[in-house]
Amino acid sequence: WYQRRVRKQWYQRRVRDTNYFINTNLRMTAATISYNGAGITSAAGVISLLSEPQIELKIFALNKLNLIVHEFWAEISDVVDKIEILYEDESFEERELSALVASKVYYHLGAYDEALHYALGAASLLNFDQSSEYIDTVVARAIDQYIKQRIQLCDDALDITIDTRLELIVEKMFQRCFDDGRYKQAVGIALETRRYDMLESSIMKSDDIPSMLSYALGIAMTLLQKRTVRNTVLQVLVRLYTNLSQPDYTNMCQCYIYLNEPQTVCNILNKLISSSEAELLMVFQICFDVYESATQHFIDDVMEGLGIKQKPAEVEAPATEMEVDSTTEGVKPSEEPIKTVAEDSAIDKKKAKVGSILSGEVPIALKSQFLIRKNTSDMLVLKNCKDASRNAVCHTATVIANSYMHAGTTCDTFLRDNLDWLAKATNWAKFTATASIGVIHHGHETNALKLMASYLPKDPAGGSPYQEGGALYALGMIHANHGAAIIPYLTEQLQSATNETVKHGGCLGLGLAAMTSKNSEIYEQLKNNLYQDDAIIGEAAGLGMGLVMMGSLDEDALSDMMQYAHETQHEKILRGLSLGIALVCYGQLEAADPTITELADDKDPVLRMCGMYSVGMAYAGTGNNKAIRKLLHVAVSDVNDDVRRAAVISIGFLLFNSPEQCPNVVSLLSESYNSHVRYGAALALGISCAGNGNERGSEHLGTYD
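Note that the structure is a prediction, hence the values are computed from the model and not measured.

S.K.: Is there a simple way to think about the overall build of the chain in this case?
M.R.: If you tally the helices and strands in the chain, you get 38 helices and 0 strands. Burial analysis of the chain (705 residues in total) assigns 48% to the buried set. Nonlocal contacts in the chain, meaning residues at least 24 apart in sequence, comprise 68% of its contacts between residues at least 6 apart. Accessible area for the chain stands at about 35200 Å²; split by element, carbon and sulfur atoms hold 51% of it.

S.K.: Sorry if this is basic, but what is going on with the packing of helix 13 (residues 249-259) against helix 14 (residues 262-274) here?
M.R.: A pair of packed helices can be characterised by two numbers: the angle between their axes and the separation between those axes. Taken N-terminus to C-terminus, the directions of helix 13 and helix 14 make an angle of 160°; their axes are 9 Å apart at the nearest point. Between helix 13 and helix 14, the angle is such that the two are roughly antiparallel. Once helix 13 is placed against helix 14, the crossing between them reads as left-handed. In this structure, helix 13 contributes Tyr249, Met252, Cys253 and Tyr256 to the contact, and helix 14 contributes Thr264, Val265, Ile268, Lys271 and Leu272. Of the residues in the contact of helix 13 with helix 14, the class split is 7 nonpolar, 1 polar and 1 charged.

S.K.: Mind showing me how you'd approach the nonpolar core here?
M.R.: The nonpolar side chains of a soluble globular protein tend to be buried with one another. Formed by 112 residues in total, the largest nonpolar core has its most connected members in Ile203, Val233, Leu237, Val290, Val354 and Leu358. If you tally residues by element for this core, the top one is helix 3 (residues 55-76), at 9 residues. Not counting the four nearest positions on each side in its chain, Ile203 is found in contact with Val187, Ile209, Met212, Leu213, Ala216, Leu237 and Leu240. Listed in part, the 100 residues of the second largest apolar core include Leu382, Met452, Met562 and Ile628.

S.K.: Can you walk me through the environment of Ser51 in this structure?
M.R.: The topology assignment puts Ser51 in the loop between helix 2 (44-48) and helix 3. A sequence separation of 10 residues divides Ser51 from Ala61, and the C-alpha atoms of the two residues are 9.9 Å apart.

S.K.: Quick question: what am I supposed to make of unusual backbone geometry here?
M.R.: Trans is the common state for peptide bonds, and a negative phi is the common state for residues other than glycine. Phi is positive for Thr410, close to 65°, though the residue is something other than glycine. Its location among the elements puts Thr410 in the loop between helix 20 (392-405) and helix 21 (413-417). Take Thr410: its relative accessible area is 2%, and that puts it in the buried class. Positive phi is not limited to glycine here, since Leu589 has a value of about 50°. Taking relative accessible area as the criterion, Leu589 reaches 3% and is therefore assigned buried.

S.K.: Please explain the packing of aromatic side chains as it appears in this structure.
M.R.: Aromatic ring pairs: the centre-centre distance and the angle between the two ring planes describe each pair. Considering all chains together, one arrives at 11 aromatic pairs under this definition. Seen in terms of ring centroids, Trp428 and Tyr466 are 5.2 Å apart; in terms of plane orientation they differ by 80°. Their pairing is edge-to-face. A residue pair is termed long-range when its members are at least 10 positions apart, and Trp428 in helix 23 (residues 428-440) and Tyr466 in helix 25 (residues 465-478) qualify at 38 residues. Accessibility expressed as a relative area gives 35% for Trp428, which makes it partly exposed.

S.K.: Looking at this model, I keep getting lost on the environment of Glu94. Mind explaining?
M.R.: Position of Glu94 relative to the elements: it lies in the loop between helix 4 (80-88) and helix 5 (95-109). Glu94 sits in the partly exposed class, given a relative accessible area of 29%. Those residues within four positions of Glu94 in sequence are excluded, and the remaining contacts are Ile59 and Leu62.

S.K.: I would appreciate a short explanation of the pattern of salt bridges in the present structure.
M.R.: For the structure on display, the rule yields 15 salt bridges. One salt bridge connects Asp387 with Lys386, and the closest N-O pair in it is separated by 3.3 Å. Ionic pairing is found between Asp642 and Arg645, a salt bridge with its closest N-O pair at 3.0 Å. Residue Asp642 and its partner Arg645 are located together in helix 35 (residues 641-654), separated by 3 residues, close to a single helical turn. Linked by salt bridges that have partners in common, Glu571, Arg575, Asp642 and Arg645 make up one network.

S.K.: Help me understand the state of the cysteines, please; the structure alone is not making it clear to me.
M.R.: Here, disulfide denotes a covalent bond that connects the sulfur atoms of two cysteines. If you walk through the whole model with that rule in mind, you get 0 disulfides. With no disulfide partner, Cys287 has as its closest neighbouring cysteine sulfur the one in Cys253, 8.7 Å distant.

S.K.: Please clarify how helix 3 should be interpreted in this entry.
M.R.: Note on helix geometry: an α-helix contains 3.6 residues per turn, so any two residues three or four positions apart are oriented the same way. With 22 residues, helix 3 should cover 32 Å at 1.5 Å per step; its first-to-last C-alpha distance of 19 Å lies more than 12% under that length. At His70, helix 3 is bent by approximately 100°, the largest bend along its length.

S.K.: Is there a simple way to explain the side chain of Arg150 in this structure?
M.R.: Of note, Arg150 is situated in helix 7 (residues 133-154). Buried Arg150, no salt bridge; nearest opposite-charge side chain is Glu167, N-O distance 5.2 Å. Within the structure, the side chain of Arg150 is placed 2.9 Å from the backbone oxygen of Arg194, a separation counted as a polar contact. In contact with Arg150, not counting residues within four places along its chain, are Asp155, Ile162, Thr193, Arg194 and Arg195.

Thresholds, definitions, all that
Residues numbered from 1 in each chain as written. Predicted model: local features only at pLDDT ≥ 70, side-chain atom pairs only at ≥ 80, totals over all residues. Heavy atoms only, no water. Helix = DSSP H or I, 4+ residues; strand = E, 2+ residues; numbered from the N terminus. Buried < 20%, exposed > 50% of the residue type's maximum accessible area, 1.4 Å probe, protein only. Contact = heavy atoms within 4.5 Å. Areas by Shrake-Rupley, 256 points an atom, 1.4 Å probe, with all protein chains shown as cover. Axes fitted to C-alpha atoms, helices over the stretch in contact; angles between N-to-C directions. Parallel < 35°, antiparallel > 145°, perpendicular 65-115°, else oblique. Left-handed = near helix turned anticlockwise from the far one by under 90°. Nonpolar A, V, L, I, M, F, W, Y, C, P; charged D, E, K, R; others polar. Core = buried A, V, L, I, M, F, W, Y, C linked by side-chain atoms within 4.5 Å. Phe/Tyr/Trp six-rings, centres within 6.5 Å; stacked < 30°, edge-to-face > 60°. Salt bridge = Lys/Arg side-chain N within 4 Å of Asp/Glu carboxyl O. Disulfide = S-S within 2.5 Å. Expected span 1.5 Å × (residues − 1). Bend = angle between axes of the 7 residues up to and from the residue. Lys, Arg positive; Asp, Glu negative; His and termini not counted. Polar contact = N/O pair within 3.5 Å; in protein donor to acceptor, adjacent residues only side chain to side chain.

Shown next, in the form of structure tokens:
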């Protein structure tokens, strides 16, 4: 009996196990057939295996689901919670596989953050060599997340820990770029992620290192909008330039100009000057780049480091009459050879030539000759504007347009042919007309005093103060950003002047001549004129102070100007200071943000207007999206029309390096009901599209007729 009972139990177990395996194999076969068959209709058979207690069945189901998830993600999404449970179970041996399936399901559901979360859990299973929308999307989200965390860590100095799985994905992308030879893409990712080590690797592993260095330098100077990041990248590039078998001193010096390291530029120039004659052309090219890109203060430091004394030119006394050749269009630049120091030493002769370039003598002469030869302005446009002028505003606008059309060309034919028409100008219109001569003869420094002789102050009981003040202003524009020769004369005239209009022109001329020089003596002299609390003098003095300290973000200067702006009762002075403060912020990017925020939140509308101009100056030419959003917000929300107008005008300064974008940005503003906003939109288009003949910009301006 006992044996029969044992045999019966054994038989029952055998039948039960056999049935189980038969049913299991049938389900697995059905699932396989449903996937491999031509007429796939449902993933229910595979999904049902996830409910089985056996681990092998769940693993089998996940493998099959991974293959069909892109077709049947809608069905699988109903059981995605079961897949998540498998991923969260640390004892489950295929956690990464379950994470991969869940990631693909969430990708199709449009939940990209969840898709990235589970993709990071399956990083080892992701095939980055595979080209698919899923892989591209996950990698893009991973890089974006990594960039965000790196910016918080490097730029914002936040104490955060970056997910190592994100780093693994980014590292794989770098390696993929290297394997495919896409070094420019690697440079772009390295700059975005602040991975300066990978930036260096991307450049050094390329086949053409000098070309990659130039590409990285161009990207750093045009696309990087954070000053600290740009400086760090430039330091990396300088180190790579230095390690080349033949160092690229030209681009190295460009980097040092933006890093504001004049002493290093001096060392490079001294080294090249002392070497062979073959390096002399490179020395000249570097000097031209320094003159073109650097500030007066930087150039003065370089010349001082080279031991080149910048002697102010002897200023001749103004003649009683204007000595102009009536057979020519204006006074042409002097073509006399530049005098060099009579030194026997070859090095001293080289330094003399270097000094002639850094001092501006050679560049200005070449530029003037080029402008005179290439002058193709259409005089008929000016004639039509003159004939259409029916009031003082249009008269002044035509005079200014003439000066812009012939800037630096010395062509004053229009003024000579219309002396009677010009004589109609009175008071400040006469001031502007006289000052416009300085724009036309910009850079013509040799005969500047002879040119302006009939307009300059001669004695206390002289001619029109508006004419004399305009003449001093014109001298400043002729010597703008290169005023060592004329500064003593302008300083003397400013000190001896008694009329407020003459002092107004003197302050403007002195500020232009000393632009970016950071000259403390000139700054103090202008500040003393500001403290006289005269509206006309103070307006020009505030602007002149900004010109002298332009681009320095000097804390003392900003403190002086902002403090007096809050104290003064003269709106003219306040407006002059507002422009001066904006100029001090020029090119400072995010370093000027605290000043901008303080000004933008001020209750005084003129200072809020100053804040808008400061945004335009600080981010000039960068097209910074954050700055544009701020300006657009103020342009439609501020209660003061002047502030709104200034915000729209500043958009033109931000976009002058990408003029094709400006018409799109201001298109709606140009149709505003507010005339001040439309005025600002027109000026923004003019500023951003100046000199490039942009068709869309012209079309928008044509709607103002």
